[in-house]
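Spelled out, the chains give:
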Amino acid sequence: MNVFIVYAHQEPKSFNGALKDTAVETLEALGHTVKVSDLYAMNFKAIADQHDFTELENADYFKYQTEQIHASKHDTFTSDITAELEKLKWADFVLFQFPLWWFSMPAILKGWVDRVFAMGSIYGAGIGAYDTGGLKGKKSMLSITTGGPELMYSPHGKNGDIHENILFPIHHGILYFSGMDVLPPFIAYSVARDPAKREQYIIDFKKRLLSIDTTPVIPYHPSSHYDETMQLKPEFRG
C-alpha cells in the first residue's frame, strides 16, 4: 500500500512528531511505502492566492476556483501544489497528523487543503464530490492530539462531542467531500498534561495502524440518498 502522511507540527521532538515517526516505522515494517509532507519543514505556503499559478486565465479579475480549474486542465499550478497533488494521486491511504488548534486544524494544514484540494482536480464539474469525488477509492484517517482531557470532548462535555461537533467538518466536509473513505480518528487526549499516557498512546497507535486494512470506515450517506434539493430522503433518516 502507498501511504501519504501529511504532518503539521513545528517541533520534531513533539508528541505529534513521535506519532508521525511511529507511523512511518510501523507502516514501513509492514511493507507499505510511505511518503511524508512535513509542512513546517517544507515552509509550505498556506495562503491561497494568484501566486499559486504560473499563468492566469483572467488577469483582470482573479477568482481562485476558476484559476484552479484552468490550472487543472493546463498544468499551470506552481510546483509545490503539483508535487502534493502527485502524492495524493499516488497514495492509497492518507494519514493526517496534527494537534487540534481552536477546534480545527493548524492554519498551515488548512492552507494545504485550500491549495491542494483543487477544484478541477479533486472536485467540481466533471468530477463530482463526496462518493464521486476525485479521490474516490482511497482511505484517510486523522491522528490528532488535544490540549483538554477526553471527558471535555464527550457529548455532554464543555468542548462538545469531538466526533459530531468538531471533527465532522474535516471528516465529512474535506475528506469524504474529496471522495475518500474515512476511518475513525486516532485521538491522543491531553498528552502535554499527562505524560504518563504517552507510552500507552504509542502502543495504541501502533495497533490502529496494524488494522487500517480491516477497520470499518465512517458510514456517510452516498449521494443517491439525497433528493433533488440535497435533502436526505425520508427513508434514510435516522
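A few points on the structure. Sequence order as written defines residue numbering, which begins from 1 separately in each chain. In keeping with the predicted nature of the model, local features appear solely for residues at pLDDT of at least 70, side-chain atom pairs appear and are counted solely at 80 or more, and the whole-chain, interface and lining totals rest on all residues. To get the side-chain values, take all heavy atoms of the structure and skip hydrogens and water.

What to know about the overall build of the protein chain
(1) Moving on: Helices and strands together make up the secondary structure of the protein chain, namely 7 helices and 6 strands.
(2) Moving on: The order of helices and strands in the protein chain, counted from the N terminus, is β-α-β-α-α-β-α-β-α-α-β-β-α.
(3) Moving on: Radius of gyration here is computed from C-alpha atoms only, and the compact-globule reference equals 2.2 Å multiplied by the residue count raised to the power 0.38. Here the C-alpha radius of gyration of the protein chain, 19 Å, is about what a compact globule of 238 residues would show, namely 18 Å.
(4) Moving on: Counting only C-alpha atoms, the protein chain reaches 55 × 50 × 35 Å along its principal axes. For the purposes of this entry, the term helix denotes a DSSP run of H or I that reaches at least four residues, the term strand denotes a run of E that reaches at least two, and both are numbered from the N terminus.

Topic: the nonpolar core
(1) Moving on: Only buried Ala, Val, Leu, Ile, Met, Phe, Trp, Tyr and Cys residues count toward a nonpolar core, and they belong to the same one when joined by side-chain atoms within 4.5 Å. A simple rule labels every residue: compare its accessible area, found with a 1.4 Å probe on the protein chains alone, to the largest value its type can have, and call it buried under 20%, exposed over 50%, or partly exposed in between. The biggest cluster of nonpolar side chains holds 65 residues, and the ones touching the most others in it are Trp 112 and Phe 117.
(2) Moving on: With near-sequence residues (within four places) excluded, Trp 112 lies in contact with Phe 4, Val 6, Leu 39, Phe 44, Glu 84, Leu 88, Phe 96 and Phe 117. Residues are treated as being in contact if the distance between any of their heavy atoms lies within 4.5 Å.

Observations concerning helix H6 (residues 168-176)
(1) Moving on: Turning to H6, its buried residues number three or more, namely Ile 170, His 171, His 172, Ile 174, Leu 175 and Tyr 176.
(2) Moving on: Among the structural elements, strand E3 (93-99), helix H4 (107-116), strand E4 (139-145) and strand E5 (181-182) are those in contact with the buried residues of H6.

Notes on H4
(1) Moving on: Taking burial as the measure, the 10 residues of H4 include 7 buried ones, the bulk of the element.
(2) Moving on: Residues of H4 that are buried include every one of Ile 108, Leu 109, Gly 111, Trp 112, Val 113, Arg 115 and Val 116, and no others.
(3) Moving on: Elements that come into contact with the buried residues of H4 comprise strand E1 (2-7), helix H2 (64-74), helix H3 (79-90), E3 and H6.

A word on the pairing of E4
(1) Moving on: In terms of residue burial, E4 counts as a mostly covered element, since 6 of its 7 residues are buried.
(2) Moving on: As paired strands, E3 and E4 are joined by 7 bridges and run parallel to one another. Looking at the pairing, Leu 95 lines up with Met 141 of E4.
(3) Moving on: Any two strands between which DSSP finds at least two bridges are classified as paired. Pairing geometry for E4 and E5, over 2 bridges, is parallel. Paired with Ser 140 across the strands is Val 182, a residue of E5.
(4) Moving on: Where E4 lies against strand E6 (residues 186-188), 3 bridges are found, and the strand directions are parallel.

Things to note about the packing of H3 against H4
(1) Moving on: Across the interface, H3 lies against H4 with an axial gap of 10 Å and an inter-helix angle of 85°. The orientation of H3 with respect to H4, classified from their angle, is roughly perpendicular. Contact residues: Asp 80, Ile 81, Glu 84, Leu 85 and Leu 88 in H3; Trp 112, Arg 115 and Val 116 in H4.
(2) Moving on: Residue composition of the contact of H3 with H4, by class: 5 nonpolar, no polar and 3 charged. To obtain each axis, a line is fitted to C-alpha atoms, and for helices this fit is confined to the stretch in contact; angles are then taken between N-to-C directions over 0 to 180 degrees. Angles are sorted into four bins: roughly parallel if under 35 degrees, roughly antiparallel if over 145, roughly perpendicular if 65 to 115, and oblique for all others. Amino acids outside the nonpolar list (Ala, Val, Leu, Ile, Met, Phe, Trp, Tyr, Cys, Pro) and the charged list (Asp, Glu, Lys, Arg) are all regarded as polar, and Gly is one of them.

Some remarks on the side chain of Asp 52
(1) Moving on: Residue position: Asp 52 is located in the loop between strand E2 (33-38) and H2.
(2) Moving on: Only 2.5 Å separates the side chain of Asp 52 from the side chain of Tyr 64, close enough to count as a polar contact. The term polar contact refers here to a pair of N or O atoms within 3.5 Å; inside protein, the definition further demands a hydrogen-donor-capable atom paired with an acceptor-capable atom, and it admits residues adjacent in sequence only when both atoms are side-chain atoms.

With respect to the side chain of Glu 84
(1) Moving on: Mapped onto the secondary structure, Glu 84 falls in helix H3.
(2) Moving on: With a relative accessible area of 1%, Glu 84 lands in the buried category.
(3) Moving on: Within the local environment of Glu 84, its side chain forms a polar contact with the side chain of Lys 87, the two groups lying 2.8 Å apart.
(4) Moving on: Apart from the residues lying within four places of it in its own chain, the contact partners of Glu 84 are Phe 4, Ser 37, Met 42, Phe 44, Trp 112 and Val 116.

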